[in-house]
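# Structural overview
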Amino acid sequence: MPIIECSTRIAAPRPLVWERLIDLERQPDWMHDLVDLRIDTPGPLRVGTLATGTVRMFGLTQADPVEVTALDAPSRYAIAHIGGFTGSGEFRLEAVDDDAATWVTWREELRPTIDAFPILPRLARLPLVGPLAAVAGRVLARIADPCFAPMFRYVFTKDLQRFRRFVETGAA
C-alpha cells in the first residue's frame, strides 16, 4: 500500500501533545474507527509494549494488534501493525513557534493480509476448500490493497483533526 502521511499544527507545546498522544487508553476518543484499546503488556508504555485495538469499519469489527517500536519522548512514537493489516504507523512531533505549538506528522503504511477479510481465514482451515481459499485471500488482498489507500487517507486525516481538537480543547 502507498504510504499515507498527514500533518497538522496543534496550538499546544510539544510536551502536552506528547502526553496526549501516548495516552493509549484515550485514543478511541479521537480515532473514529477505534472502538476500544486494550494494553496487553503490563507496566509503563515502552518499546515492545503490545496492545490490541478493536476497529470497526464498514460495519465489520476486527482486532488490530500492535507493538510499540519507538518511543522517543517527546518527538517520535511508532508502532508495528501485526494483525489482519500489517505495516507501520509513526507520529513525529516538532516544536514550532518558540515551542508554543507543535507540528504533528502521522505516517502509516498498511497492507491487508488474508486475515483482513473475516470469512477467508476460517475457510482456509477447511480440508478441501482451504488451499483455494488461502490463494483467493492472497489475491484479494493484493487487489484490494490500492483500494484501501483513499479510504485510509480520509480516515487518518479526520482522526488527526480530531486529535488536534482533543489536545487544544480536551474534547475530540
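Residues numbered from 1 in each chain as written. Predicted model: local features only at pLDDT ≥ 70, side-chain atom pairs only at ≥ 80, totals over all residues. Heavy atoms only, no water.

Overall, the predicted model of the protein reaches an average pLDDT of 89, with 97% of residues at or above 70. The least confident element of the protein is helix 3 (residues 120-124), whose mean pLDDT is 69; the most confident is helix 1 (residues 14-21), at 98. (pLDDT = per-residue confidence, 0-100. Helix = DSSP H or I, 4+ residues; strand = E, 2+ residues; numbered from the N terminus.)

Take a nonpolar patch on the surface next. On the surface, a nonpolar cluster with roughly 320 Å² of combined accessible area is contributed by L126, L128 and V129. Positionally, L126 belongs in the loop between helix 3 and helix 4 (130-169). (Patch = residues over 30% accessible without salt bridge, like charges linked within 9 Å, V, L, I, M, F, W, Y side chains within 5 Å. Areas by Shrake-Rupley, 256 points an atom, 1.4 Å probe, with all protein chains shown as cover. Salt bridge = Lys/Arg side-chain N within 4 Å of Asp/Glu carboxyl O.)

In this sheet, strand 3 (residues 50-57) lies alongside strand 2 (residues 34-39) in antiparallel orientation, the contact comprising five bridges. Within the sheet, the bridge partner assigned to I39 lies in strand 3 and is A51. Bridging between strand 3 and strand 4 (residues 60-72) involves eight bridges; their strand directions are antiparallel. Bridge pairing in strand 4 links V55 to Q62. Remark: two residues form the turn of the hairpin made by strand 3 and strand 4, two consecutive strands paired antiparallel; F58 in that turn has positive phi of roughly 55°. (Pairing = 2+ DSSP bridges.)

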